[in-house]
Amino acid sequence: MTNEDRQFYICNCFTTDNIFLEEYKLHVRFVSEQQFTRDYGVVLRRLGCVTDAQFEDVFNKISQEVDRRRRLSVTCAERVAAIKDTYRPLHPHVYHLKESYLAPKFKQIVDFCRVSAVRVGSLGDLLQEEAAARVYRFPVFERSFCEQLVEELEHFEQSSAPKGRPNTMNHYGILLNELGFDEGFITPLRQLYLQPLTSLLYPDCGGGSLDSHKAFVVKYDMDEDRDLSYHYDNAEVTLNVSLGKDFTEGNLYFGDMRQVPLSEMQCWEVEHRVSEGLLHRGQQMHGALPISSGRRWNLIVWIRASQERNKLCPMCNRRPELVEGGGFADGFTKPCIAPLNAACVLT
């Protein structure tokens, strides 16, 4: 059985932890009103949530988000079925990865990483490390492909097909598994091109054993989401590619790993360039500054290693309690237990 044939799970903290209160730029855990008030009451009052009506509004928004998460697998399956029935792609070819879509330098980097005994330092000029620790920049796609992919995304966005929200922080974007990109595009991108690179750059984060992902695109626009608050990802490694279109400002900023207290963190600004990707550890704190004009689409791939997250859920910092989920779910797996009569083969 291959990695892709296994059952993947979510951690049951999915319905209680890391709920983002946008108005207060705060991630919270909600088990009960009593627990929530005890843990966050003082902080929220300091942030301006002081009246009973404001607290009631917070509880209503949390309730809506919890309900959305509980129904997610069902609503996702319904959207997938509806998209298959009603949506006709503008550029069907972009759903299947071809080497011609990839930047020559990216292919050169991957080929170099596939050679045994290669060290990070030997990548030399092929890979640019940013001022933020272990954040790497490299070209990923040809610009012509980026343009066609954005055209496809905008065509879908303007269609009547149902659309899911990428995550709790981004209001505008598209879940690529629902649109049909997983099997033919994102999975081969992860397996054939990203894993040789992550194996070399992030062996301590499970970079050599990445076996699932969540991929989506997010959109920044002057009349919609303009920025993204400081956060970390539900991933071991993240790839963030700027697809276009025309925009100004909106740089990313990176801090330290999430375990470092905020008061001790430094931040480094990193420019977004169309067709180029930024690769970083998922648990590294980061955010996006506001764009000042135009529109930007970004491809985000949260890449996960079950052997790492099975030990400790990165979102709740506890041993995961597993609940069934659809597709790659949140990348957790159960240990494989061989049948009692299975033969033991020594090699």
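Scroll up to find the structure.
Predicted model only: the values in this text are computed from it and were never measured.

1. Describing the overall build of the protein
Assigned secondary structure in the protein consists of eight helices and 16 strands. A compact globule built from 347 residues should have a C-alpha radius of gyration of about 20 Å, and the protein, at 21 Å, falls within 12% of that. On the principal axes, the C-alpha backbone points of the protein span a range of 60 × 60 × 50 Å. In the protein, which comprises 347 residues, the share counted as buried stands at 52%. Sequence-distant contacts, at least 24 apart, represent 78% of the contacts inside the protein between residues at least 6 apart. Of the roughly 17100 Å² of accessible surface on the protein, 50% is carried by carbon and sulfur atoms. Put simply, the protein has 40 plus and 48 minus side-chain charges, and the middle of one group is 3 Å from the middle of the other.

2. A word on the pairing of strand β5 (residues 136-139)
Across the two faces of β5 the burial is the same, with Y136 and F138 and R137 and P139 all buried. Two successive antiparallel strands, strand β4 (residues 128-129) and β5, enclose a turn made up of six residues, where R134 displays a positive phi of approximately 60 degrees.

3. A few points about the nonpolar core
Counting 54 residues, the largest nonpolar core has F106, F141 and L243 as its most contacted members. Taken together, the elements giving at least two residues each to this core come down to α4 (104-113), β5, α5 (143-157), α6 (176-179), α7 (182-201), β7 (212-221), β9 (237-244) and β15 (291-304). The leading source of residues in this core is α7, at eight residues. Setting aside anything within four residues of it in sequence, one finds F141 in contact with Y101, L102, A103, C146, F185, L189, V241, L243, S275 and L299. Within the second largest apolar cluster, 18 residues are counted, among which are V135, L175, L228 and W302.

4. So, the packing of aromatic side chains
One pass over the full model with this rule turns up 17 aromatic pairs. With centroids separated by 6.1 Å and ring planes inclined at 65 degrees, the aromatic side chains of Y136 and Y202 adopt a geometry described as edge-to-face. In this pair, Y136 is assigned in strand β5 and Y202 in the loop between α7 and β7, connecting sequence segments 66 residues apart. For the pair Y136 and Y202, one class covers both residues: buried. Three or more aromatic residues joined by ring pairs form one cluster here, namely Y95, Y101, F141, F145, F181 and F185. Between the NZ or CZ atom of R114 and the centre of the ring of Y193, over which it lies, the distance is 5.7 Å.

5. Focus on the side chain of T168
Secondary-structure assignment places T168 in the loop between α5 and β6 (173-175). Classification of T168 as buried rests on a relative accessible area of 16%. Once residues within four sequence positions are removed from consideration, T168 is found in contact with N18, F20, E65, R68 and R69.

6. Quick word on the packing of α4 against α7
One can describe the packing of α4 onto α7 by two numbers: an axis separation of 9 Å at closest approach and a directional angle of 60 degrees. Once α4 is placed against α7, the crossing between them reads as left-handed. Across from F106, I109, V110 and C113 in α4, the residues of α7 making contact are L189, L192, Y193, L194, P196, L197 and L200. The residue makeup of the contact of α4 with α7, split by class, is 11 nonpolar, no polar and no charged.

The rules behind these values
- Residues numbered from 1 in each chain as written.
- Predicted model: local features only at pLDDT ≥ 70, side-chain atom pairs only at ≥ 80, totals over all residues.
- Heavy atoms only, no water.
- Helix = DSSP H or I, 4+ residues; strand = E, 2+ residues; numbered from the N terminus.
- Rg over C-alpha atoms; globule rule 2.2 N^0.38 Å.
- Buried < 20%, exposed > 50% of the residue type's maximum accessible area, 1.4 Å probe, protein only.
- Contact = heavy atoms within 4.5 Å.
- Areas by Shrake-Rupley, 256 points an atom, 1.4 Å probe, with all protein chains shown as cover.
- Lys, Arg positive; Asp, Glu negative; His and termini not counted.
- Charge placed at Lys NZ, Arg CZ, Asp CG, Glu CD.
- Pairing = 2+ DSSP bridges.
- Core = buried A, V, L, I, M, F, W, Y, C linked by side-chain atoms within 4.5 Å.
- Phe/Tyr/Trp six-rings, centres within 6.5 Å; stacked < 30°, edge-to-face > 60°.
- Lys NZ or Arg CZ within 6 Å of the ring centre and 35° of its normal.
- Axes fitted to C-alpha atoms, helices over the stretch in contact; angles between N-to-C directions.
- Left-handed = near helix turned anticlockwise from the far one by under 90°.
- Nonpolar A, V, L, I, M, F, W, Y, C, P; charged D, E, K, R; others polar.

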